[in-house]
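Coordinate analysis (summary)
Spelled out from the first residue to the last, the chains are:
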Amino acid sequence: MAPTVAMRSIPVLCARSMSVPISVSALRPALLAPVVLSRAPTLGPLSIRHLSTPTPSSSPATEPTYTGPLATSFARLKVFSLSSIGLAFALSPFIYLLPAALPTSARSFLIVSAIGLSGISTSMIGWCGRPYVSTLNLIPPPKAQAGRQPVELENMTLFMRKLRTHVADTRWFRPTSRPLAVWEIRDDMLRVGEGEGGRTAGEEEVVAETWEIKTGKSVGRWTVVWEKDPEMQGGLKGEVKKEGKVERYFNVHEVMVPEITIS
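The present account deals with the structure reproduced in this document. (Residues numbered from 1 in each chain as written. Predicted model: local features only at pLDDT ≥ 70, side-chain atom pairs only at ≥ 80, totals over all residues. Heavy atoms only, no water.)

Section: helix H2 (residues 71–91)
Worth spelling out the cut-off: Helix and strand assignments follow DSSP, with helices taken as H or I runs no shorter than four residues and strands as E runs no shorter than two, numbered in order from the N terminus. To estimate how far a helix should reach, multiply one less than its number of residues by 1.5 Å. We call a residue buried when its accessible area falls under 20% of the maximum for its residue type, exposed when it is over 50%, and partly exposed in between, using a 1.4 Å probe and counting protein chains only. The directions from the helix axis to the C-beta atoms are what the arc is built from. When checking whether two residues touch, look at their non-hydrogen atoms; a contact exists if any pair is within 4.5 Å.
Taking 1.5 Å of rise per residue, 21 residues should cover 30 Å, and H2 covers 31 Å from first to last C-alpha, within 8% of that figure. Among all positions of H2, only Ala 75, Lys 78, Ser 81, Ile 85 and Ala 88 are buried. Seen from one end, H2 has its buried residues packed into an arc of 155°, which puts them on one side. Facing away from the buried surface of H2 by more than 90 degrees, the exposed residues are Arg 76, Phe 80 and Leu 87. Those residues of H2 hidden inside the fold are in contact with helix H3 (104–129) and strand E5 (151–156).

Re the sheet that holds strand E4 (residues 135–138)
Quick reminder of the rule: Two strands form a pair only when DSSP identifies at least two bridges running between them.
Sheet architecture is open: 7 strands sit in the order E3-E4-E5-E6-E10-E11-E14, paired in antiparallel fashion. Two strands bound the open sheet, and with one partner strand each, they are strand E3 (66–67) and strand E14 (241–244). Where E3 meets E4, 2 bridges bridge the pair, whose relative direction is antiparallel. Bridge pairing links Tyr 66 to Leu 136 in E4.

Some details on the layout of surface pockets
Test applied: For each structure, a 1 Å grid was placed over the protein atoms alone; sets of points admitting a 1.4 Å probe that cannot get out are labelled cavities, open sets with protein on both sides within 12 Å along at least five of seven lines are labelled pockets, and lining residues have an atom within 4 Å of a point. Grid points are joined across faces, edges and corners, and a volume is the space filled by probe spheres set on the points. Classification used: nonpolar for Ala, Val, Leu, Ile, Met, Phe, Trp, Tyr, Cys and Pro, charged for Asp, Glu, Lys and Arg, polar for all others including Gly.
Roughly 250 Å³ of internal volume is contained in the largest pocket. Here the lining of the largest pocket is composed, by residue class, of 6 nonpolar, 2 polar and 5 charged. Estimated volume of the second largest pocket: approximately 170 Å³. In terms of lining residues, the second largest pocket is bounded by Ala 71, Phe 74, Ala 75, Lys 78, Gly 129, Tyr 132, Ser 134, Glu 154, Asn 155, Met 156, Lys 162 and Ile 213. Breaking the lining of the second largest pocket down by element, the ones donating at least two residues are H2 and E5. Sort the elements by how many residues they give to the lining of the second largest pocket and H2 lands first, with 4 residues. For the lining of the second largest pocket, a count of residues per class yields 6 nonpolar, 3 polar and 3 charged.

In structure tokens, the structure reads:
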């Protein structure tokens, strides 16, 4: 008969310095239990997902040729003007509640005057700031159109819509008499030499096109179809056909764009 071994209780100190007796016989099954090593899961073959290359835009992703130094100032001025007319509309009803000895007709006159003056100033700021060009990019022409100089100009409307206008050739610019603008796109009879810039009789050329940058929606488009010019030997002529509303006037600091010469 196997001798009986007396099991002693081993005191274990707790966090509060209390002695709690734990029987070794209670821990024996856990100490003698076999240790089972779990096998790490096997990884399958790695799959590499190729990211699709973004479709390039019509203009190269490079630094703009020209950046308007007052573009931020014009944008802030438009925001301030829109905020002022919105505040005028919001506060107008409270004029009827003012504790003053004013008839209703006088209060209505004050409201109309406040909203009218704010609307006129906002419209003037929008008209003055719309032609201002924030960025300008010179686009390298294709080899078949060597001799042309395409350009893209960006501006902003009163309600902060960013527009981009693509002009097929800088020769379609001319000085303008519009205040606060220096260039305008020609919309009269256009004439060029045959073969100049790769142009041929019967070819349709997009003189200018404007679209919204955010949505990509075309706002306006001017085109011309070249035909033989009887008044000019070896020349072509074409009348501009207008569709929609193209941004025609531009305000640019010409000294900062020496690459473009307007005559």
